[in-house]
Structures are given as C-alpha cells and as structure tokens.
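Residue strings, one per chain:
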Amino acid sequence: MARGTTFDQFRVTNGHVAFINPDTSERGEQYDIECTGSLSVDSETKTISKICEGIATDEISVIESMTVDLSGHMPVEVLRNVYGISTDGNIEGVYSFNRDSRGQVGTWTWDITSPFQTDRKLIAFPRLSVQGGLSWSLENGGDEIAEVEISFSALPDERGNFYYEAMESEVDNAVINKWHSEFSTELVEGVPSV
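Residues numbered from 1 in each chain as written. Predicted model: local features only at pLDDT ≥ 70, side-chain atom pairs only at ≥ 80, totals over all residues. Heavy atoms only, no water.

### So, the packing of aromatic side chains
Turning to step 1, where the next piece is worked out: For the coordinates displayed, the defined rule picks out nine aromatic pairs.
Turning to step 2, where the next piece is worked out: Between F125 and Y163, the aromatic rings sit 5.3 Å apart at their centres with planes inclined by 45°, giving tilted as the arrangement. One end of the pair, F125, is in strand 6 (residues 120–130); the other, Y163, is in the loop between strand 7 (148–154) and strand 8 (164–167), with 38 residues separating them in the sequence.
Turning to step 3, where the next piece is worked out: The ring of Y95 has R80 sitting right over it, with the charged end atom 3.5 Å from the ring centre. (Phe/Tyr/Trp six-rings, centres within 6.5 Å; stacked < 30°, edge-to-face > 60°. Helix = DSSP H or I, 4+ residues; strand = E, 2+ residues; numbered from the N terminus. Lys NZ or Arg CZ within 6 Å of the ring centre and 35° of its normal.)

What follows is the structure in structure tokens.
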C-alpha cells in the first residue's frame, strides 16, 4: 500500500486469543473467535501543557490507558478464561464464579478488511484484561441470538505498547503467517531508528 492511500475499515473478522500463563508469562491456550459482532477502542489521555506568561504555548497528549469493547459470540472456554470461571472446589463439570475469580490476560488479534478488499489490516492487543465482573442479559423470544459484550483494559507490553497494527501489503509473509498464532513483541520488534 502506498503511503497516503486510503483504507476504509469495514469488517472486523478472524479473531484469535492466546491466554498468557500467569506463572510463566508464556502463551497458553489459543482459541479462534469466529463471530465478532463489533470492536471499539478508546484511549484515555492526559494533556501536559507548557505555560508561558499565563498562555499555553505548547501541549502534548499522553496515553494513560486504553479500553477495548468487544461484542460477539464466543466459545464457552474463552468466556470462562476471560472471567476466571473455574471448577475449583466443585465436582467435575460444575463451574463457578466468586470473589476470588481472576480472569486471564490474553493476546487478542483480528483482521480488519475494507469493503473493496484492497488490503487487510492486522491488529493486535498484546495484553487485554477484563474490566469488571461477569455480566449478561437474555431476552426470551428475541429475533437475534444475544451477543456477549465484554470491556477490556489494554495493558502495555514490555515495550510500553498497548496496540499494534500492520497493513498486509507492508509486512513480510513470515509476520503475516504468525500474526494470529504467534503474535509477540519479538515477532514485530525491529531495529530502533536513530
């Protein structure tokens, strides 16, 4: 994709999550998220101003946090990992959620396509952690199967990054082929610019 070319974001698809083992920080169980309904991202910023003789002469916005809202249909195992719903203390096959439940942090990736299929954007959040507790509602007799809605806090990775993106046309096939199955800081780390 040539610089300055427009990319129209139209569809979010091909979601994947790899939960991170809290003891080893290694990638653990991986799942496909085959039915993403919507994805939204919002950054919280703080403005730092330079005041000179009572007048703001310069300002910079610093990212303090990022929230990711996801809706869609997901495998039961994914939701259990997200919220920390487990069989601890229960008979086999019975899961529970309590005050000690701790959701797992995961690396989440998706593809974003344009309506004209001109290119594909690969996106990744290296560390998402659920915000809040288990919450859901269900309407009997509805015309549509209810989607699960989850809010996440995007946590920075070891390089301080909350989010990554790459246009398929601008990266090597080796990166494209590993984006969903092996995304990590090491996969995308380059030589620092001078």
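### Things to note about helix 2 (residues 173–182)
Turning to step 1, where the next piece is worked out: Residues of helix 2 that are buried: V175, I176, W179 and H180. For helix 2, the angular spread of buried residues about the axis comes to 115°, placing them on one side. Among the exposed residues of helix 2, those oriented more than 90 degrees off its buried face are N173 and N177.
Turning to step 2, where the next piece is worked out: Along its buried surface, helix 2 packs onto strand 1 (11–20), strand 2 (27–33), strand 5 (106–113), strand 6, strand 8 and helix 3 (185–188).
Turning to step 3, where the next piece is worked out: Where helix 2 begins, one side-chain oxygen reaches toward the backbone nitrogen of A174, 2.8 Å away; that side chain belongs to D172. (Buried < 20%, exposed > 50% of the residue type's maximum accessible area, 1.4 Å probe, protein only. Arc of directions from axis to C-beta. Contact = heavy atoms within 4.5 Å. Polar contact = N/O pair within 3.5 Å; in protein donor to acceptor, adjacent residues only side chain to side chain.)

### What to know about the pairing of strand 6
Turning to step 1, where the next piece is worked out: Most of strand 6 sits inside the fold, with 10 of its 11 residues counted as buried.
Turning to step 2, where the next piece is worked out: Pairing analysis gives seven bridges linking strand 5 to strand 6, with the strands arranged antiparallel. Across the sheet, D111 pairs through a bridge with L122, a residue of strand 6.
Turning to step 3, where the next piece is worked out: Connecting strand 5 to the next strand, strand 6, in antiparallel fashion are six residues, including Q117 with a positive phi near 55°.
Turning to step 4, where the next piece is worked out: Both strand 6 and strand 8 contribute to a ladder of four bridges, which runs antiparallel. (Pairing = 2+ DSSP bridges.)

### Topic: a negative patch on the surface
Turning to step 1, where the next piece is worked out: Taken together, D42, E44, D69, E139, D143, E144, E147 and E149 make up a surface patch of like negative charges.
Turning to step 2, where the next piece is worked out: With respect to the helices and strands, E144 occurs in the loop between strand 6 and strand 7.
Turning to step 3, where the next piece is worked out: On the basis of relative accessibility, which here comes to 66%, the residue E144 falls in the exposed class. (Patch = residues over 30% accessible without salt bridge, like charges linked within 9 Å, V, L, I, M, F, W, Y side chains within 5 Å. Areas by Shrake-Rupley, 256 points an atom, 1.4 Å probe, with all protein chains shown as cover. Salt bridge = Lys/Arg side-chain N within 4 Å of Asp/Glu carboxyl O. Lys, Arg positive; Asp, Glu negative; His and termini not counted. Charge placed at Lys NZ, Arg CZ, Asp CG, Glu CD.)

### A word on the environment of P126
Turning to step 1, where the next piece is worked out: Tracing the chain through its elements places P126 in strand 6.
Turning to step 2, where the next piece is worked out: The class for P126 is buried, based on a relative accessible area of 5%.
Turning to step 3, where the next piece is worked out: On a C-alpha basis, the gap between P126 and D8 in space is 24 Å, while along the polypeptide they are 118 residues apart.
Turning to step 4, where the next piece is worked out: With residues near it in sequence (within four places) discarded, P126 still touches I20, G106, T107, D157, N161, F162, Y163, Y164 and F183.

### What about the pairing of strand 4 (residues 55–73)?
Turning to step 1, where the next piece is worked out: Judged from the 17 bridges that link them, strand 3 (residues 35–52) and strand 4 form a sheet pairing that is antiparallel. Residue V41 lies in a different strand from strand 4, and its bridge partner there is V68.
Turning to step 2, where the next piece is worked out: Between strand 3 and strand 4, which pair antiparallel in sequence order, lie two residues; one of them, E53, sits at a positive phi of approximately 55°.
Turning to step 3, where the next piece is worked out: Two elements, strand 4 and strand 7, share seven bridges in a ladder whose sense is antiparallel. The residue of strand 7 that forms the bridge with T67 is S153.

### Side note on the side chain of T113
Turning to step 1, where the next piece is worked out: Tracing the backbone shows T113 in strand 5.
Turning to step 2, where the next piece is worked out: When sequence neighbours within four positions are dropped, the list of residues in contact with T113 reads F7, D8, Q9, F10, R11, T13, D119 and R120.

### A look at the pattern of salt bridges
Turning to step 1, where the next piece is worked out: Applying the stated criterion to the full structure yields four salt bridges.
Turning to step 2, where the next piece is worked out: Ionic pairing is found between K46 and E64, a salt bridge with its closest N-O pair at 3.7 Å. One end of the pair, K46, is in strand 3; the other, E64, is in strand 4, with 18 residues separating them in the sequence.
Turning to step 3, where the next piece is worked out: Of the residues examined, E64 reaches a relative accessible area of 45% and is grouped as partly exposed.
Turning to step 4, where the next piece is worked out: Its salt-bridge partner being R120, residue E168 comes within 2.4 Å of it at the nearest N-O pair. Placement of E168 in the loop between strand 8 and helix 2 and of R120 in strand 6 is noted, with a sequence separation of 48 residues between them.
Turning to step 5, where the next piece is worked out: For R120, a relative accessible area of 19% translates into the label buried.
Turning to step 6, where the next piece is worked out: Salt bridges sharing common partners tie together D111, R120 and E168.

Honestly, that's just the spatial picture; any functional story needs more than this.
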